[in-house]
Amino acid sequence: MSPRFLSRLLAPGLLVALLGAPAFAQTPAPAACQPGTSALPALERSGKLAEAEAEAAKVPNGEGKLFRVERAGVAPSFLFGTMHLTDPRVLTLPPPAEAAFQAASGLVIETTDVLDPTIMATALLSRPDLTTLPAGQTLETLVPPDEMKQLAPQLEKRAMPLAAVQTLQPWFLATQLLVAPCEAARMKEGAKVLDLALAQDAKDSGKPVEGLEKATEQLEALASMPLDLQVDNLAATLDLVDELPDLFETMTDLYLSGRIALIEPATSALAPAGTDEARSIEVTQRFDEAVVDRRNAVMSERLQPLLTKGGLFVAVGALHLPGDTGLVESLRRAGWTVTRAD
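Treat the numbers as computed from the prediction; the structure is a model and nothing was measured. (Residues numbered from 1 in each chain as written. Predicted model: local features only at pLDDT ≥ 70, side-chain atom pairs only at ≥ 80, totals over all residues. Heavy atoms only, no water.)

With that settled, consider unusual backbone geometry. Although it is not a glycine, Asn 61 adopts a positive phi angle of roughly 60 degrees. Given a relative accessible area of 16%, Asn 61 falls into the buried group. (Buried < 20%, exposed > 50% of the residue type's maximum accessible area, 1.4 Å probe, protein only.)

Moving on: the sheet that holds strand β1 (residues 66–71). An order of β4-β3-β5-β2-β1-β6 is seen for the six strands of this open sheet, with the pairing classed as mixed. Both outer strands of the open sheet, β4 (209–211) and β6 (337–340), are each paired with one neighbouring strand and no more. For this sheet the average axis-to-axis angle between neighbouring strands, irrespective of direction, equals 25 degrees. Examined bridge by bridge, strand β2 (residues 74–82) and strand β5 (residues 312–317) share five bridges and lie parallel to one another. Looking across to β5, one finds that Leu 79 is bridged to Val 314. Here helix α13 (residues 194–204) sits on the sheet and contacts β2, β3 (106–109), β4 and β5; the angle it forms with β3, its principal contact strand, is near 155 degrees. (Pairing = 2+ DSSP bridges. Helix = DSSP H or I, 4+ residues; strand = E, 2+ residues; numbered from the N terminus. Axes fitted to C-alpha atoms, helices over the stretch in contact; angles between N-to-C directions. Contact = heavy atoms within 4.5 Å.)

With that settled, the discussion passes to the pairing of β2. A large share of β2 lies buried, amounting to seven of its nine residues. Taken together, the five bridges between β1 and β2 define a ladder with antiparallel strand orientation. Its bridge partner lying in β2, Val 69 is registered against Ser 77. Once β1 ends, the chain turns through two residues before running back antiparallel as β2, passing Gly 73 with a positive phi of about 85 degrees.

Core analysis: the largest hydrophobic core is formed by 42 residues, its most contacted members being Phe 80, Leu 107, Leu 198, Tyr 255 and Phe 313. Counting residues per element, this core draws most heavily on helix α16 (residues 244–256), at six residues. If near-sequence neighbours (up to four positions away) are discounted, Phe 313 is found in contact with Leu 66, Phe 78, Phe 80, Ala 97, Ala 100, Phe 101, Ala 104, Gly 106, Leu 107, Val 108 and Leu 198. By size, the runner-up hydrophobic cluster in this structure holds 33 residues, among which are Ala 123, Met 160, Ala 174 and Ala 215. (Core = buried A, V, L, I, M, F, W, Y, C linked by side-chain atoms within 4.5 Å.)

Here we take up α16. Under the 1.5 Å per step criterion, the end-to-end length of α16 is 18 Å for 13 residues, consistent within 8% with the ideal 18 Å. Here α16 lies mainly inside the structure; 10 of its 13 residues are buried. Among the residues of α16, those classed as buried are Leu 244, Pro 245, Leu 247, Phe 248, Glu 249, Thr 250, Met 251, Thr 252, Leu 254 and Tyr 255. Positive phi shows up at Gly 258, right after α16, with a value of about 75 degrees. (Expected span 1.5 Å × (residues − 1).)

Another aspect to go through is the pattern of salt bridges. By the definition in use, this model includes 12 salt bridges. For Glu 249, the salt bridge goes to Arg 89, with nearest N and O atoms at 2.9 Å. Here Glu 249, found in helix α16, pairs with Arg 89, found in helix α6 (residues 88–91); they are 160 residues apart in sequence, far enough to count as distant. The exposure class assigned to Glu 249 is buried, which follows from its relative accessible area of 16%. (Salt bridge = Lys/Arg side-chain N within 4 Å of Asp/Glu carboxyl O.)

To continue, consider the packing of helix α11 (residues 170–177) against helix α15 (residues 227–240). Interaxial distance between α11 and α15 falls to 8 Å at its minimum, and their mutual angle equals 20 degrees. Taken together, the axes of α11 and α15 are roughly parallel relative to one another. Handedness of the crossing formed by α11 with α15: left-handed. From α11, Pro 170, Trp 171, Leu 173, Ala 174 and Leu 177 reach across to α15, where they touch Leu 227, Gln 230, Val 231, Asn 233, Leu 234, Thr 237 and Leu 238. In terms of residue class, the contact of α11 with α15 is made up of nine nonpolar, three polar and no charged. (Parallel < 35°, antiparallel > 145°, perpendicular 65-115°, else oblique. Left-handed = near helix turned anticlockwise from the far one by under 90°. Nonpolar A, V, L, I, M, F, W, Y, C, P; charged D, E, K, R; others polar.)

Encoded structure:
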């Protein structure tokens, strides 16, 4: 399995980013985290970067993180693509985005439910079917023995003994593995991912903060993956745990330079020998349909009435922007004028 699926989780999933935090909050932070190394120079030397760039060039609106959204008679708003990380480089908005945020009359993020721990806890407890396995099933009945041997020690490191999580769905456990050591250390120290930092800044400035989804809707999207594909994704995540720092650094490198559509093909080019690419593509397609494409349609529909107010700063995961189903194209089809602003 390739990192293809991982790039989907890390860039567009605010809820995914936060679900990993509680377990890490119970574990000691590394004395000094070791940041990863971007793989882009190595990909360039191998010729794989050029291939990935050619693939990314086919994606509409594949470059840029900040877009101006306007319509006659309405004050312009700005659409900004985030990466759900606590990395200080990510938290520092580029000057055009910072100016747009400061001038905005209000902020819109994916979901405001993540701002209230009580709401989040209620969302998880009220829908156990979204996080726990069907009656009679456990991880040991689903996950092959060799992978269980890998999984147990990784969960132990995260203060999650296997005996305590036997009935949790594989997608939920995968989220607990998708936090690199430096992210874990910063979260333990109280650092917020970019979206939440923006929400806090907006509240401190007296600006209203609105959301486009409910936490349960994001959970439903994540849990909609068939169990066999969830198991495949968990196995893929286990294979990549040791490479997370480098993968994070590679994706962050691309994000900071605004090459959003290049994130997926570039990380896919890092696939280890023996990768089952056909299965990886199947997992990715199913994930895209449930967690990216359908959510894009919902977010676009709910965003447009808000945009008629004018003057908003809209911050959503960067991978929700590009592509035929992305928010940029969706808003254009709905009659909005959307142009690069960075």
